Amino acid sequence: MEKRRSIGLRAAAIGVLLAFGAAADPAMKPQAADNADAGKIVIDNFAFEPSTLTVSAGTVLTWLNEDDAPHTVVGTDAESPIQSPPLDSGERYSVALAKPGTYRYFCSLHPHMTGTVIVEQRF
Amino acid sequence: MSSTIDDDMSKGKLNRRTLLRCAAWGGAGVVWALKGGVPTALSLIDAAAAAEGPSLAFVQISDSHIGFNKDANPDPNGTLAAAMEKVRALPNRGGLFMLHTGDVSHLSKPEELATAQQIIGVSGLDVHYVPGEHDVLIDHGSDFFARFNGAPDRKWYSFDALGAHFVALVNVLDFRAGGLGRLGDEQLEWLEKDLRGRSASTPLVIFTHMPLWNAYPEWGWGTDDSAQALSYVKRFGSVTVLNGHVHQVLQKVEGHVSFHTAMSTAFPQPAPGTAPSPGPLKVPAETLRSMLGVREITQVRGHGSLAVVDRTLA
């Protein structure tokens, strides 16, 4: 369990670094501290919950696999910043999306599992 | 019941109703005989009593999920080894070979694939593999293909054995969001070429991971472009499609094509629609092995036909 958690956190750190590296906006900071659950998506029973989530730009999104099967979180667009490694039960993946827009994703092991994240401009 | 079937068979008029009754036997073991493209069902006893008895032709195993470590089976290595003991105990092993219809590993890790290969090696048989979606999580399965198919880019292939033409198809690469399994245009083109010019009387055995019919699309149990593939095999008199993925025996007959999904060697999955999701089915430890199994495919002598027998590890 300890090992899993460290892998999850490492993935989260890499995800955040990648997202912010790409955004090239050092002033923008993750919003996780404002509301820890704002960007949380649970994977269970071969489904993403909530299947559509709206967040403000820069919010850290975290997918937590609470299912008893491995899943992935992969953007439908080849250029999508949402690209998780395989997540075994109990593992998580995080990414922050700096650019407003609609991001569709699916599980590349079970493609009937789909979800959407809508990122809105921060005011 | 079997005498009725015997009567029907001797009159050569086995009908759909009889077939469905046979399919319902489930645990007792059903033999599906494919003669001249028309599937007929025999009880195990009938098959054993056939003139010289059926001769074992090849074995199918599926969904070994090496690396799985959840409650549904904390020891998939042990149950795969038990399956291999079953195979080792089979009589008349000369020329026997095996198909593995995918999800060899749980997370595509090199050590999982190596462990599976080592345990399966105990069978002493040649094994022909196709990957499941769990085997292609890293680098599109290049490690799987290199290890089991001889080259990282050797994905689908065919070979001739037992007077039949065997075709290995891969329907777990390049999934589309919201879709089912997928063969893809490149593979479909290859399949059409591979079958072109072959005699329609050649029995075909197609093996792949996900079902090639819509077994239960709500759980993703099907292949989006399977209709295209099946259109290429229509003219053949006898087509047997073997797959895994759903961890239970499901059978369907459509014209000259019979579909058979196999049990897993690792853990069962719920029957379609009977649970919130197709995740691993937890059963009491003492009943687990009665829901895992290996499949034997025999040639019924004098019938010129193939028969499929599912046996549990219990």
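Residues numbered from 1 in each chain as written. Chains lettered and ligands numbered in written order. Predicted model: local features only at pLDDT ≥ 70, side-chain atom pairs only at ≥ 80, totals over all residues.

### A few points about the overall build of chain A
Move 1: Counting its regular elements, chain A contains one helix and eight strands.
Move 2: N-terminal to C-terminal, the α/β element order of chain A is α-β-β-β-β-β-β-β-β.
Move 3: The buried share among the 123 residues of chain A stands at 38%.
Move 4: For chain A, the proportion of contacts with a sequence separation of at least 24, taken over those separated by at least 6, is 59%. (Helix = DSSP H or I, 4+ residues; strand = E, 2+ residues; numbered from the N terminus. Buried ≥ 20, exposed ≤ 12 C-beta atoms within 10 Å, placed from the backbone. Contact = placed C-beta atoms within 7 Å.)

### Concerning the overall build of chain B
Move 1: Looking only at helices and strands, chain B features nine helices and 13 strands.
Move 2: Counting only residues that meet the buried cut, chain B has 47% of its 314 residues in that class.
Move 3: Counted over contacts in chain B with a minimum sequence separation of 6, partners at least 24 positions apart contribute 68%.

### Focus on the interface of chain B and chain A
Move 1: Taken together, the contact pairs 17 residues of chain B with 18 residues of chain A.
Move 2: In terms of residue class, the side of chain B that touches chain A is made up of eight nonpolar, six polar and three charged. (Nonpolar A, V, L, I, M, F, W, Y, C, P; charged D, E, K, R; others polar.)

### Focus: the sheet that holds strand β1 (residues 40–44) of chain A
All names here are of chain A.
Move 1: Here we have four strands laid out as an open sheet, ordered β2-β1-β4-β6, and mixed in their pairing. Every other strand in the sheet has two partners, leaving β2 (47–49) and β6 (92–96) as the edge strands with one partner each. For this sheet the average axis-to-axis angle between neighbouring strands, irrespective of direction, equals 20 degrees.
Move 2: Examined bridge by bridge, strand β4 (residues 60–65) and β6 share five bridges and lie antiparallel to one another. (Pairing = 2+ DSSP bridges. Axes fitted to C-alpha atoms, helices over the stretch in contact; angles between N-to-C directions.)

### Side note on the confidence of the model for chain A
The predicted coordinates should not be examined in detail at positions where pLDDT is low.
Move 1: Confidence along chain A averages 81 in pLDDT terms, with 70% of residues attaining 70 or more.
Move 2: For the stretch residues 1–33 of chain A, pLDDT sits under 50, and the model shows 43 contacts to residues farther than four places along the chain or on other chains. (pLDDT = per-residue confidence, 0-100.)

### As for the environment of Ser290 of chain B
Residues and elements named next belong to chain B.
Move 1: Looking at where Ser290 falls in the secondary structure, it is placed in the loop between α9 (285–288) and β12 (293–300).
Move 2: The exposure class of Ser290 is partly exposed, given the 14 C-beta atoms found within 10 Å.
Move 3: Along the sequence, Ser290 and Ala314 sit 24 residues apart, while their C-alpha atoms lie 4.7 Å from each other.
Move 4: If we ignore the near neighbours within four places in the chain, the residues touching Ser290 are Thr312 and Ala314.

### What to know about the pairing of β6 of chain A
Move 1: The buried fraction of β6 of chain A is high, at five of five residues.
Move 2: Side chains Arg92, Ser94 and Ala96 of chain A project from β6 of chain A onto one buried face, and the interleaved Tyr93 and Val95 of chain A project onto a second face that is buried too.

### Comments concerning the confidence of the model for chain B
Residue and element names in this part refer to chain B.
Move 1: Summary statistics for chain B give a mean pLDDT of 85 and a share of 81% for residues scoring 70 or more.
Move 2: Below pLDDT 50 for its whole length, residues 1–40 participates in 64 contacts with residues either more than four positions away or in separate chains.
Move 3: Counted against residues more than four places away or in other chains, residues 42–51, with its pLDDT under 50, gives 22 contacts.
Move 4: As scored by the predictor, the complex reaches a pTM of 0.81 and an ipTM of 0.79.

### Concerning the packing of helix α5 (residues 110–121) of chain B against helix α6 (residues 142–149) of chain B
All names here are of chain B.
Move 1: The interhelical angle for the contact between α5 and α6, taken along N-to-C directions, is 20 degrees, at an axis separation of 10 Å. Considering their axes alone, α5 and α6 lie roughly parallel with respect to each other. The handedness of the crossing between α5 and α6 is right-handed. Contact residues: Pro110, Leu113 and Gln117 in α5; Asp143, Phe144 and Arg147 in α6.
Move 2: Of the residues belonging to the contact of α5 with α6, the class tally is three nonpolar, one polar and two charged. (Parallel < 35°, antiparallel > 145°, perpendicular 65-115°, else oblique. Left-handed = near helix turned anticlockwise from the far one by under 90°.)

### Notes on the packing of helix α7 (residues 185–195) of chain B against helix α8 (residues 226–233) of chain B
All names here are of chain B.
Move 1: Following both chains from N to C, one finds α7 and α8 inclined at 5 degrees, their axes separated by 10 Å at the closest point. The orientation of α7 relative to α8 falls into the category roughly parallel. Each of Leu188, Leu191, Glu192 and Leu195 in α7 lies in contact with α8, whose residues at this interface are Gln228, Ala229, Tyr232 and Val233.
Move 2: Considered class by class, the residues forming the contact of α7 with α8 number six nonpolar, one polar and one charged.

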